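Residue strings, one per chain:
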Amino acid sequence: MDRSDETAVDTEIREALYDLQRYLSDAIPPLMVSESLEVLTRCAPELTASQIHSWVGAQNRGLGVAVPVSDYFFHAIKKIHMLGEYDLLPREPLRRFVLEISRIVLPYCPAEDRELLRSNLQRLGETDAVLSTTPEFLYRQIGASEAPLASRVAAGLEGTESVAGDVTLSSDVARGLRSFALLVDRLQRTVRLSPNPTSGSSESIESMTPAQNELVGQLLALAASSSETPLELNQHLSQLRGLGVNAEGSQMFRQLGRTLPDWALPVGSVENFSEPKPVAAMHKYVSLAGDPAEGAARFREMVLAAVEQFNEGSLARSATMFQLAERIANEKNVDDIVVQTVRQRSHDQLDPEKMRQFAESNEKHALLRGVLNFFTPYTTQGLLAGLQTEEKRDRRRLSLALLEAQGPEARTAALQWLETSFSDPSPDRYFQRNLVYLLRRITPPDQDDRTPEIEAVAKLTAPPMPVFLVKEAIAYLGQARQEAGERALVRLVGMYERMLLRPGDSVYDAEDLRVLLDRTVAAMARFGTTSSVRATVAHGLKRQPLLGDTMARLTDLGSQDLSSDPATVDLLLKNLRSELPMKVLGFVIQRKSDNVFYLLEALSGTQTPEVREALEQIAARFPDHNFGHAAEKTLSALGATPRPAAAATPSLSGDLELFGLPNLLQTLSEAGVNGLLVLKDLNDETTGLIAFDNGKLLDAQVGRIRGNEAVYQLFERPAPGTFSFVTRRDPVPGAETTAREILPIVFEAMRRYDEFRQASVIVPDDVAFELTGIRPQSPPEEHDASMIRAIWDKLRSGATASQCEADVATDAHRVRRLLVHWVEQGAIQQI
């Protein structure tokens, strides 16, 4: 070996010893020291033992006599032993190495503790009673006189103490550590970040590619998931900052927010589903702040990041984050005064235009409510209070739109506010109009007796109420398809007629009264009951000029089939004939032809032999006259044959983004539907089929993938597009015979999606691999030997991850999970 080779070896050993010191002092995670420990296991064990002795001396000087020297020796050897438990180094060779260094360090231990140390070192591997995944904590010996203490020197927090409980190391923790290290390696290879993110030179979220953003987001999520205490979290964040990741405040929450799925959980399912990793990470970043002021700051930053998601148009992501903010507030992890301040003041940062756009889509109301209700001014009561005092017209319109989005709760509250306003000696009539508008716009409960509500609104039609308020009340009464509403309209018609015929008794001018009469008769006609129709006809046939053009108001009957009331039909036909031109001595005597058009329109929805005969006669007698043409046109409409129904007509369709796949599937499940859901991409190509039987999943297909895995695939590889549901009763060809509840499948699909996102960062789509010679093993969750062999054969031929997925008829998560497992195991490595 020449001198250059010797220098290289010496450098490698020095770096390995340095990494060991950092590992023992909790500065780096296990996976990042595994290669260095492998180097040291090839050297004489005295080298490592000497390094441990030096480290123990430094720690003991830092803590004085607070911790026995023997505990430091145990802590150091235990941490080396754990690399085998993590499967980061071969267990048997490492066990022999640990035995050798244990034998060497024992003489360094004070005599009074030597036997205790010997006993505990012999138990390594036999018990996990003293295990802790927290690197800041010192592993204490069984039988030690004091509880485990945090290494103040290692954590850089002299003068503080904390106590660690016993935590059993799980396979999930070990897997998380391996995943974290793989992500760190990927980060260093793909993203050029400044080692000092606060310097202003590091790449921002906006300058990174979506793949790079995803990578950093997954690193932040894993850093949080492996933390159980504020000290752990701070150390992990410090490690990420050392890698150039901006893990500061709002930037961190923005990064995590962008890695959330662009859908929300099915309504009412939170307790049945483990939250996505980015959500769990944000939760920990706030709850493990360690200091009330820091926790408050992080809570504000999370809310700010949620607002930014909203303003960027990602309603589902922002709703998920606000749902988390609500939960954190309920858990009292943040001071109540801080929470109330954020709720009260931060609403102004929401983009009004985005709120208006979301409020215009009924499908988005449920998600929008999740955002609005976090902010006190945007709750139902807050919006109503603001509406009462708002002076700007555009802001009032926005408040009304948001109240509509609040749904039934807003309707109930509007009625309560309206009833309260009656006791006000000087009520705000404009506010009352807005309340009636909400009662009219928000769908009331089905089969609900609304007589008290109708009577309350009817009070607003009594003179001398302002005309603008009366108009709104009439519009409401016209939609209230209940007897009380009809009675109120009939009374109004009679009252307005009397006022017009006796002008001295009216508080309104004649023009306003005629406008009110137009609206009231139109609303009454649309009720379609015998009494309302007869009241409309009686008014229309009065022909009194002071009442306005009463005959013109008969046209509102055109949308009704009057055949159930022959007497009214005969009366209209009689008046129609009397309005037709007469021939005297060969001359045609013209009458007011407008009335003929009005009566023809009033009868246009009624298909009886008498009406048809009358129309045929008019068309034949006056073929060159306008109302002859009108009669012919009405006849054509009456005789039109209905279009035959298609064999399979979509009963529900729309933009998939508006519904969100989880909530769409929940809606179809709760409706107990039978039929086929067809999903298409933006190019109108079919991406998936899901068959339902009484609301349960009968079968699904995505390409060659069938059954539950096809549903998983739709979540793992989501694509924007449209959907349509076709109701059908006949069985779906080739469908599986057993129908299954779909919500548990949706929950599993969302869980797989979350894991698939992380796996796709560790093993990207377009990366190829080479075999290392290590025998591949399958993960505990995978038992399909044929699939495993097929993917291994694809890797032999140089296939990428996406090519493996394309060639195997299973969901992407299973393939990517297997590839990640082989990378962690070392059986394959990326080229």
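Computed from a prediction, not measured in an experiment: that's the story for all the values here.

Turning our attention to the overall build of the protein. Across its full length, the protein holds 37 helices and 10 strands. Every one of the 831 residues in the protein was classed for burial, and the buried ones make up 50%. Relative to all contacts within the protein whose residues are 6 or more apart in sequence, the contacts with residues 24 or more apart total 71%. Of the roughly 38,800 Å² of accessible surface on the protein, 50% is carried by carbon and sulfur atoms.

This part is about the environment of Ala366. As for its position among the elements, Ala366 is in helix α17 (residues 365-372). Ala366 sits in the partly exposed class, given a relative accessible area of 43%. The sequence separation of Ala366 and Gln406 amounts to 40 residues, and the corresponding C-alpha distance is 8.0 Å.

Now for the pairing of strand β4 (residues 675-681). Burial runs high along β4: 5 of the 7 residues are buried. Here 6 bridges tie β4 to strand β5 (residues 686-693), and the two strands are oriented antiparallel to one another. Residue pairing across strands places Lys680 opposite Thr686, the latter belonging to β5. Counting the residues between successive antiparallel strands, the hairpin from β4 to β5 contains 4 residues, one of them, Asp684, with a positive phi of roughly 65 degrees. Strand direction decides the pairing type here: β4 and strand β8 (residues 721-727), joined by 7 bridges, are antiparallel. Across the sheet, Gly675 pairs through a bridge with Thr727, a residue of β8.

A cluster of acidic residues, Asp570, Glu610, Glu613, Glu616 and Glu632, forms a negative patch at the surface. No other element matches the 3 residues that helix α29 (residues 609-621) contributes to the negative patch. When you line up the elements, Glu613 lands in helix α29.

A few words now on helix α35 (residues 785-796). With 12 residues, α35 should reach 16 Å at 1.5 Å per residue; the first-to-last C-alpha distance of 17 Å fits that figure. Among all positions of α35, only Met787, Ile788, Ile791, Trp792 and Leu795 are buried. Taken end-on, α35 shows its buried residues confined to a sector of 135 degrees, consistent with a single buried face. With respect to the buried face of α35, the exposed residues turned more than 90 degrees away are Arg789 and Arg796. Along its buried surface, α35 packs onto β9 (769-771), α36 (801-807), α37 (812-825) and β10 (828-830). After α35 finishes, the residue Gly798 shows a positive phi value of roughly 90 degrees.

So, on to the pattern of salt bridges. In total, this model carries 40 salt bridges according to the counting rule given. With a shortest N-O distance of 2.9 Å, Asp565 and Arg534 are connected by a salt bridge. With Asp565 in the loop between α26 (530-540) and α27 (566-579) and Arg534 in helix α26, this residue pair connects regions lying 31 residues apart in the sequence. Using a relative accessible area of 7% as the deciding quantity, one classes Asp565 as buried. Taking relative accessible area as the criterion, Arg534 reaches 43% and is therefore assigned partly exposed. Between Lys794 and Asp807 there is a salt bridge, with the nearest N and O atoms lying 2.5 Å from each other. On the criterion of sequence distance, the pair formed by Lys794 in helix α35 and Asp807 in helix α36 is long-range, its members being 13 residues apart. Through salt bridges with shared partners, a single network forms among Glu709, Glu782, Asp784, Arg814 and Arg817.

Thresholds applied
- Residues numbered from 1 in each chain as written.
- Predicted model: local features only at pLDDT ≥ 70, side-chain atom pairs only at ≥ 80, totals over all residues.
- Heavy atoms only, no water.
- Helix = DSSP H or I, 4+ residues; strand = E, 2+ residues; numbered from the N terminus.
- Buried < 20%, exposed > 50% of the residue type's maximum accessible area, 1.4 Å probe, protein only.
- Contact = heavy atoms within 4.5 Å.
- Areas by Shrake-Rupley, 256 points an atom, 1.4 Å probe, with all protein chains shown as cover.
- Pairing = 2+ DSSP bridges.
- Patch = residues over 30% accessible without salt bridge, like charges linked within 9 Å, V, L, I, M, F, W, Y side chains within 5 Å.
- Salt bridge = Lys/Arg side-chain N within 4 Å of Asp/Glu carboxyl O.
- Lys, Arg positive; Asp, Glu negative; His and termini not counted.
- Charge placed at Lys NZ, Arg CZ, Asp CG, Glu CD.
- Expected span 1.5 Å × (residues − 1).
- Arc of directions from axis to C-beta.

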